[in-house]
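A structural walkthrough
One-letter residues, chain by chain:
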Amino acid sequence: MGERAGEEGQVRRLVLFGTKGVVMRCRDFTAEALADWGWIPAENDDARERVDDVLLLVSEVVTNACLHAGGPQELVLRHGDGRLRVEVSDANPEPPRRRQPRAPSLPGGHGLMVLDRLAGDWGSEPRARGKVVWLEVERPSHPPWHRDALP
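First, a word on what this report is: a plain description of the structure on this page. Quantities reported herein were computed from a predicted structural model and do not represent experimental measurements.

Definitions and cut-offs
Residues numbered from 1 in each chain as written. Predicted model: local features only at pLDDT ≥ 70, side-chain atom pairs only at ≥ 80, totals over all residues. Heavy atoms only, no water. Axes fitted to C-alpha atoms, helices over the stretch in contact; angles between N-to-C directions. Helix = DSSP H or I, 4+ residues; strand = E, 2+ residues; numbered from the N terminus. Left-handed = near helix turned anticlockwise from the far one by under 90°. Contact = heavy atoms within 4.5 Å. Salt bridge = Lys/Arg side-chain N within 4 Å of Asp/Glu carboxyl O. Buried < 20%, exposed > 50% of the residue type's maximum accessible area, 1.4 Å probe, protein only. Polar contact = N/O pair within 3.5 Å; in protein donor to acceptor, adjacent residues only side chain to side chain. Disulfide = S-S within 2.5 Å. Pairing = 2+ DSSP bridges.

Side note on the packing of helix α1 (residues 22–36) against helix α2 (residues 45–68)
The interhelical angle for the contact between α1 and α2, taken along N-to-C directions, is 150 degrees, at an axis separation of 9 Å. In the packing of α1 onto α2, the handedness of the crossing is right-handed. Taken together, the residues of α2 that come into contact with α1 (itself represented by V22, V23, C26, R27, T30, A31 and L34) are V51, V54, L55, L56, V58, S59, V62, T63 and C66.

Here's the deal with the pattern of salt bridges
Here the structure, examined in full by the defined rule, presents 13 salt bridges. In this structure, E43 and R139 form a salt bridge, with 3.2 Å as the shortest nitrogen-oxygen distance. Within this pair, whereas E43 is found in the loop between α1 and α2, its partner R139 is found in the segment after β5 (130–138), the two being separated by 96 residues in sequence. For R139, a relative accessible area of 10% corresponds to the buried category. With a shortest N-O distance of 3.4 Å, R85 and E125 are connected by a salt bridge.

Re the side chain of R85
Mapped onto the elements of the fold, R85 is located in strand β3 (residues 83–90). The buried category is assigned to R85, whose relative accessible area is 17%. Among the polar contacts listed, one links the side chain of R85 to the side chain of E87, at a separation of 2.7 Å. Those residues in contact with R85, other than ones at most four positions away along the chain, are V76, L77, R78, E125, W134, L135 and E136.

Some points on the state of the cysteines
In this structure the tally under the stated criterion is zero disulfides. In this model C26 remains outside any disulfide bridge; the closest cysteine sulfur is found in C66, 7.9 Å from its own.

Quick word on unusual backbone geometry
Of the consecutive residues I40 and P41, the connecting peptide bond is found in the cis state with omega at 0 degrees. Following the sequence through the fold, P41 ends up in the loop between α1 and α2. At D81, a residue that is not glycine, the phi angle is positive and equals roughly 50 degrees. One can find D81 in the loop between β2 (72–80) and β3.

Concerning the sheet that holds strand β4 (residues 121–127)
Overall, antiparallel pairing links the five strands, which are arranged β1-β2-β3-β5-β4 in an open sheet. Strands with a single pairing partner mark the edges of an open sheet, and in this sheet they are β1 (10–15) and β4. Between one strand axis and the next, the sheet turns by 15 degrees as a mean value, whatever way the strands run. Here β3 runs beside β5; their pairing, made up of eight bridges, is antiparallel. Bridged to R85 within β5 is E136. The strands touched by α1 are β1, β2 and β3; relative to β1, the strand with the most contacts, the crossing angle is about 160 degrees. Against the sheet, α2 touches β2, β3 and β5, its axis set at about 170 degrees to β5.

Below, the structure written as structure tokens:
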């Protein structure tokens with residue numbers, strides 16, 4: 001299922017097929033990785049909100065791949081130095097496009113606004129067959145094992 005790398009520059013991959021149940025599968029996969037990497041349990045309210053943000057962002061990019069690109073092909077999580085990079089690949093070469101602004105109360109069409117608001121950075125890159133949509137999120141504080149030792 002997922003691929004795991006060493007402590008530095010950790011990478012996990014989840015190969016995906018179709019769209020049925022894929023959003024929850026990707027959220028669960030991401031939550032498991034965040035737990036293994038020390039983001040969960042969160043050490044404070046800011047860290048707890050960041051975990052919620054990451055899970056929402058994963059849901060958004062995977063849902064966009066389902067709705068606009070025939071479904072995601074792979075989810076890749078890259079973790080290092082308190083930064084998380086999420087990559088979702090699909091077979092559609094068209095980059096994400098912003099829709100006309102809509103009323104916030106209307107459903108749909110808000111995914112890229114969520115990325116703009118919650119991700120530190122995001123974008124898309126063409127691939128030989130399709131594209132990858134990526135986003136980056138920084139952890140609000142380092143886990144205890146990265147803090148400077150007390151004198």
